[in-house]
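Now for the letters of each chain:
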Amino acid sequence: MGSVDEGARVGGDDAMPAATAFVPVTRVTSTIVNIPNGLSAVRLLGVPLFVWLVLVPHADGLALLVLMVSGWTDYLDGKLARQWDQISRIGQLLDPLADRLYIIGTVYAFTVRGVIPVPLAVVLLSRDVILAAFLPLLRRRGYGPLPVHFLGKAATFNLLYAFPLLLLAEGSSPLAAAARPVGWAFTVWGTFLYWWAALLYARQFRQLIVADRMNGAPA
């Protein structure tokens, strides 16, 4: 399901006890099998299909269709989860995982095809590598992944809009020429927001570490 943008957050006070660092604002169920989670699973299955379509000749139209279906299911799973009160922990994990895999897969495929330059791929992928390093440290202290906040979703939104436009711009039609500047505008803005969100996640991580130390938790 779509993760709740601010379903939990770290407060602004570094002295906040670790036990209250995450404050849930919505009810989360333990249900695994439901329609929103099924839609998230469909999105995950679409990642390798999309990468393959980008890399094989003359399949850009089908690749764009996969991206459109992914975007539709991303919207629909979150809407249904909230409407039907089916927000689940597994859904909160699946949704950002699907987003990350689409970004990583697309960056890889676009770099291989020469749609985007290698330096841009390094900038985008290094962000996820750095944040992934937080996960074992959080798990060791009994925390799950940091909650998705609005800025992170906005960054992902921009990039997932940029990618189909960049792919469309690979053609030679007037539509491709119009898509190129818009696609790169989304790319630049999305990359900036992507790293801004990373800095906020790093700040949340630091707050948790500081709060744990003040409460006598092991380093």
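Residues numbered from 1 in each chain as written. Predicted model: local features only at pLDDT ≥ 70, side-chain atom pairs only at ≥ 80, totals over all residues. Heavy atoms only, no water.

Visitor: Can you explain the environment of Leu-53? Please cite residues and give values.
Guide: Tracing the backbone shows Leu-53 in helix α1 (residues 35-55). The class for Leu-53 is buried, based on a relative accessible area of 6%. Spatially, the C-alpha atoms of Leu-53 and Ala-63 are 5.3 Å apart, while their sequence positions differ by ten residues. Look past the residues within four positions of Leu-53 in its chain and what remains in contact with it is Ala-59, Leu-62, Ala-63 and Val-66. (Helix = DSSP H or I, 4+ residues; strand = E, 2+ residues; numbered from the N terminus. Buried < 20%, exposed > 50% of the residue type's maximum accessible area, 1.4 Å probe, protein only. Contact = heavy atoms within 4.5 Å.)

Visitor: Give me the pattern of salt bridges: which residues, what numbers.
Guide: A full pass over the atoms with the stated rule returns six salt bridges. Close ionic contact of Arg-127 with Asp-128 constitutes a salt bridge, the shortest N to O distance being 3.0 Å. Exposure remark for Arg-127: the relative accessible area of 3% places this residue in the buried category. One salt-bridge network, held together by shared partners, links Arg-43, Asp-99 and Lys-153. (Salt bridge = Lys/Arg side-chain N within 4 Å of Asp/Glu carboxyl O.)

Visitor: Describe in detail α1, supporting the description with residues and values.
Guide: Between its first and last C-alpha atoms α1 spans 31 Å; for 21 residues at 1.5 Å apiece the expected length is 30 Å, and the two agree. The sharpest bend along α1 measures roughly 30° and falls at Val-47, with the proline Pro-48 sitting one to four residues further on. (Expected span 1.5 Å × (residues − 1). Bend = angle between axes of the 7 residues up to and from the residue.)

Visitor: Which residues make up the side chain of Thr-187, and what values go with them?
Guide: Within the secondary structure layout, Thr-187 lies in helix α7 (residues 174-214). Filtering out sequence-adjacent residues up to four positions away, Thr-187 remains in contact with Leu-120, Leu-159, Ala-162 and Leu-166.

Visitor: How would you explain the confidence of the model for the chain if you had to name every residue and give the values?
Guide: Averaged over all residues, the pLDDT of the chain equals 78, while 77% of them reach at least 70. Looking over the chain, one finds the lowest element-wise mean pLDDT in helix α2 (residues 60-83), namely 79, and the highest in helix α4 (residues 118-132), namely 92. Predicted confidence for residues 1-25 stays below pLDDT 50, and this span has 69 contacts to residues more than four positions away or in other chains. (pLDDT = per-residue confidence, 0-100.)

Visitor: Just give me the short version of the nonpolar core, but keep the residues and values in it.
Guide: In this structure, Phe-50, Val-54, Val-107, Phe-110, Ile-116, Leu-138 and Phe-163 are the most contacted members of the largest nonpolar core, which totals 42 residues. Listing elements by their share of this core, those giving two or more residues are α1, α2, α3 (89-113), α4, α5 (134-140), α6 (150-168) and α7. Ranked by residues supplied to this core, first place goes to α7 with eight residues. Not counting residues up to four positions away in its chain, the partners in contact with Phe-50 are Ala-63, Val-66, Leu-67, Tyr-102, Thr-106 and Phe-110. (Core = buried A, V, L, I, M, F, W, Y, C linked by side-chain atoms within 4.5 Å.)

Visitor: So what's going on with the packing of α6 against α7? Which residues, and what values?
Guide: At a closest axis distance of 7 Å, the pairing of α6 and α7 adopts a crossing angle of 155°. For the element pair α6 / α7, the angle class is roughly antiparallel. For the pair α6 and α7, the crossing hand works out as left-handed. In the contact of α6 with α7, the residues fall into 22 nonpolar, six polar and no charged. (Axes fitted to C-alpha atoms, helices over the stretch in contact; angles between N-to-C directions. Parallel < 35°, antiparallel > 145°, perpendicular 65-115°, else oblique. Left-handed = near helix turned anticlockwise from the far one by under 90°. Nonpolar A, V, L, I, M, F, W, Y, C, P; charged D, E, K, R; others polar.)

Visitor: An account of α6 is requested, with residue identities and associated values reported.
Guide: Its 19 residues place the ends of α6 28 Å apart at the C-alpha level, agreeing with the 27 Å of an ideal helix rising 1.5 Å per residue. What α6 keeps buried is the set Leu-151, Gly-152, Lys-153, Ala-154, Ala-155, Thr-156, Asn-158, Leu-159, Ala-162, Phe-163, Leu-166 and Leu-167.

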